[in-house]
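Observations on the model geometry
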Amino acid sequence: MTYEINETHDPNLKSWVESANDPNSDFPIQNLPFCMFWSDDDEDQPHLAVAIGDKLFDLYGAIGAGVFGERFEDIDLEDGVLDPTFIANFVGPTALSELRIAAMDALSDSADQRLQNAAAEHLVPASGADLEIPFTIGDYTDFYCSIYHATNVGSMFRPDNPLMPNYKYIPVGYHGRASSIVLSGTDIKRPHGQSRSGSEGPPAFGPSKNLDYEMELGFFVGKGNDLSTPIGIGDAEKHIFGVCLVNDWSARDVQGWEYQPLGPFLAKNFATSISPFVVTMEALAPFRTAAFERDTGDPQPLEYLSDEQNRKFGGLDINLEVYIQTEKMRSENIEPFRLSRSNTKDLYWTIGQMLTHHASNGCNLQVGDLLATGTVSGKEKDERGCLLELTWRGKDPIDLPSGEQRRFLEDGDEIIMKGFCEREGFRRIGLGECRGRIIPAN
Ligand code: MN
């Protein structure tokens, strides 16, 4: 099961790739997240790889060259692009986990010299690598699972009654759009949209004035379900493959005008950025935690959303940080400034509950679908995961070390999101970064 701690989490494991042994590295041998990248020697297709220290280990190249011997000889490289979606669908969801263990064996400092030499042929520097979106994302769903975020946003509009009556019963979500999901590092063009400046008068169409980010955790479906066949809460974790960072860019002025009665639409589907590395649920096992502890007055989840395993281990202890660097900060060599730090353990619903609820009506999830938690905010002011909350709709601007102020994002601003897990007795692992810079509207 995905909660199990085994020898792959041993903090004493070391790699012969020296950079992976740096205690600050996001990608020690205990992590090995999957990614896709374009190799210099192959123009035809991106290659499947795992990140190790400051390198990528090219699994496609290594399998083709027979580095793993007879293991994986049933994976036919001629069959199609070797990506996680393909492997999970056509070789089986456990093949990815076997592949990761094989990579771990080859990259370990206890691997014999022959294996080390063979694997070393397939290492490339991660910096400057031309990365791709790791899964073929068919559908994207975004939830709203931070009660702190929902309460803050709700109280701006309904001070006396911030949470809707359904909030503590349903992991609330909406269907996003997969086609505009982009990889970290892609510039984000300020969108046009319809908005209204006051509460009366006609709306206008033009570049969004209140552009925002949302710090979220994304998770990929690694095993689908048939139409009309729900996924029980006890099986939810078997369907989740791994996680990434998500920035759900949001045009707040457009959102404010369009969201009633059907929810977000063009305010959010112009771009969503994701980090390139998929950290597996296996790597995350030491960082599982109890589900959110509800206030005594709160209802318990309905039966289909609750079981003992989920209550004990359904949560995730992942630290999330958001930084900003403006054009002026870059030109004056001022380091990115931290806007917030939050943690997924403060989410009201677990990722298992989100997935089970999504499929509870028989909706079929498919391998590669991306689900995201919604903005991850905590109780404290410096734990708010978007500018809407941090500046309270722009009323309380943030002072930056460059002497500038921000209510919402301006052209040239870059948002940098980071995620990492730490626990006494275990090796720190990270999710890498999710970056995006705002460029002017057309
Ligand atoms: Mn969102």
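Use the structure listed above.
Note that the structure is predicted; figures quoted are calculated from it, not measured. (Residues numbered from 1 in each chain as written. Predicted model: local features only at pLDDT ≥ 70, side-chain atom pairs only at ≥ 80, totals over all residues. Heavy atoms only, no water.)

For the rest of this paragraph, the subject is the coordination of the manganese ion. Around the manganese ion, the protein contributes the donor atoms Asp142 (OD), Glu214 (OE), Glu216 (OE) and Asp248 (OD), which lie 2.1 to 2.3 Å from the metal centre. Read from N- to C-terminus, the donor residues coordinating the manganese ion fall into the pattern D-x71-E-x1-E-x31-D. Remark: glutamate 214 occurs in the loop between β12 (211-212) and β13 (215-221) and aspartate 142 occurs in strand β6 (residues 140-143); sequence separation between them is 72 residues. Each of the two residues, aspartate 142 as well as glutamate 214, counts as buried. (Donors = N, O, S within 2.8 Å, 3.2 Å for Na, K, Ca; no water. Helix = DSSP H or I, 4+ residues; strand = E, 2+ residues; numbered from the N terminus. Buried < 20%, exposed > 50% of the residue type's maximum accessible area, 1.4 Å probe, protein only.)

Turning to a negative patch on the surface, a few remarks are in order. Together, Glu70, Glu73, Asp74 and Glu98 give the surface a local cluster of negative charge. Mapped onto the secondary structure, aspartate 74 falls in the loop between α1 (59-64) and α2 (84-91). In this structure aspartate 74 comes out as exposed when scored by relative accessible area, which is 62%. (Patch = residues over 30% accessible without salt bridge, like charges linked within 9 Å, V, L, I, M, F, W, Y side chains within 5 Å. Areas by Shrake-Rupley, 256 points an atom, 1.4 Å probe, with all protein chains shown as cover. Salt bridge = Lys/Arg side-chain N within 4 Å of Asp/Glu carboxyl O. Lys, Arg positive; Asp, Glu negative; His and termini not counted. Charge placed at Lys NZ, Arg CZ, Asp CG, Glu CD.)

Before going further, it helps to examine the sheet that holds strand β26 (residues 429-439). Spatially, the 5 strands line up as an open sheet ordered β9-β26-β25-β20-β21, and their pairing is mixed. Looking at strand neighbours, the two that pair on one side only are β9 (188-189) and β21 (337-343), the edges of this open sheet. Relative to strand β25 (residues 414-421), strand β20 (residues 319-325) runs antiparallel, the two being bridged by 7 bridges. Pairing of valine 322 across the sheet is with methionine 417, part of β25. (Pairing = 2+ DSSP bridges.)

To continue, consider the sheet that holds strand β1 (residues 34-38). An order of β4-β3-β2-β1-β5 is seen for the 5 strands of this open sheet, with the pairing classed as antiparallel. The sheet is open, and its two edges are formed by β4 (123-125) and β5 (130-132), each paired on a single side. Pairwise comparison of adjacent strand axes, ignoring direction, gives a mean angle of 45° for this sheet. Pairing between β1 and strand β2 (residues 47-52): 4 bridges, direction antiparallel. Paired with methionine 36 across the bridge in β2 is leucine 48. Each of β1, β2, β3 (55-58) and β4 touches helix α3 (residues 93-107); the most contacted strand, β2, lies at about 50° to it. (Axes fitted to C-alpha atoms, helices over the stretch in contact; angles between N-to-C directions. Contact = heavy atoms within 4.5 Å.)

As a further point, take the packing of α2 against α3. Running from amino to carboxyl end, α2 crosses α3 at an angle of 120°, the nearest separation of the two axes being 6 Å. In terms of axis orientation, α2 runs oblique to α3. Seen from α2, the contacting residues are Pro84, Ile87, Ala88 and Val91; seen from α3, they are Pro93, Ala95, Leu96 and Leu99. Among the residues making up the contact of α2 with α3, the classes are represented as 8 nonpolar, no polar and no charged. (Parallel < 35°, antiparallel > 145°, perpendicular 65-115°, else oblique. Nonpolar A, V, L, I, M, F, W, Y, C, P; charged D, E, K, R; others polar.)

This part covers the nonpolar core. Core analysis: the biggest nonpolar cluster contains 64 residues, and Tyr213, Val243, Leu284, Ile318, Leu355, Leu409 and Ile415 have the highest contact counts within it. Of all elements in the fold, only α5 (147-157), β13, β14 (240-247), β20, α9 (351-359), α10 (387-390), β25 and β26 reach the threshold of two or more residues within this core. Tallying contributions element by element places α5 first for this core, with 5 residues. (Core = buried A, V, L, I, M, F, W, Y, C linked by side-chain atoms within 4.5 Å.)

Here the focus is the side chain of aspartate 212. Take aspartate 212: it is sitting in strand β12. For aspartate 212, the side chain forms a polar contact with the main-chain nitrogen of leucine 388, separated by 2.9 Å. (Polar contact = N/O pair within 3.5 Å; in protein donor to acceptor, adjacent residues only side chain to side chain.)

Tracing the sequence through the fold places glutamate 237 in the loop between β13 and β14. Given a relative accessible area of 4%, glutamate 237 falls into the buried group. Within polar-contact distance, the side chain of glutamate 237 engages the side chain of arginine 288 at 2.7 Å.

The step from glutamine 260 to proline 261 runs through a cis peptide bond, and the omega angle for that step is 5°. Mapped onto the secondary structure, proline 261 falls in the loop between α6 (252-258) and β16 (272-274). Here the phi dihedral of arginine 393 falls at roughly 60°; this positive angle occurs in a residue that is not glycine. Its location among the elements puts arginine 393 in the loop between α10 and β23 (398-399). The exposure class assigned to arginine 393 is partly exposed, which follows from its relative accessible area of 42%.

A separate point is a nonpolar patch on the surface. Where nonpolar side chains cluster on the molecular surface, the patch consists of Tyr169, Ile170, Leu302 and Tyr304 and spans about 340 Å² of accessible area. Inspection of the secondary structure puts tyrosine 304 in the loop between β18 (288-289) and α7 (308-313). Overall, the relative accessible area of 34% leaves tyrosine 304 in the partly exposed class.

Honestly, it's all geometry; don't read function into it.
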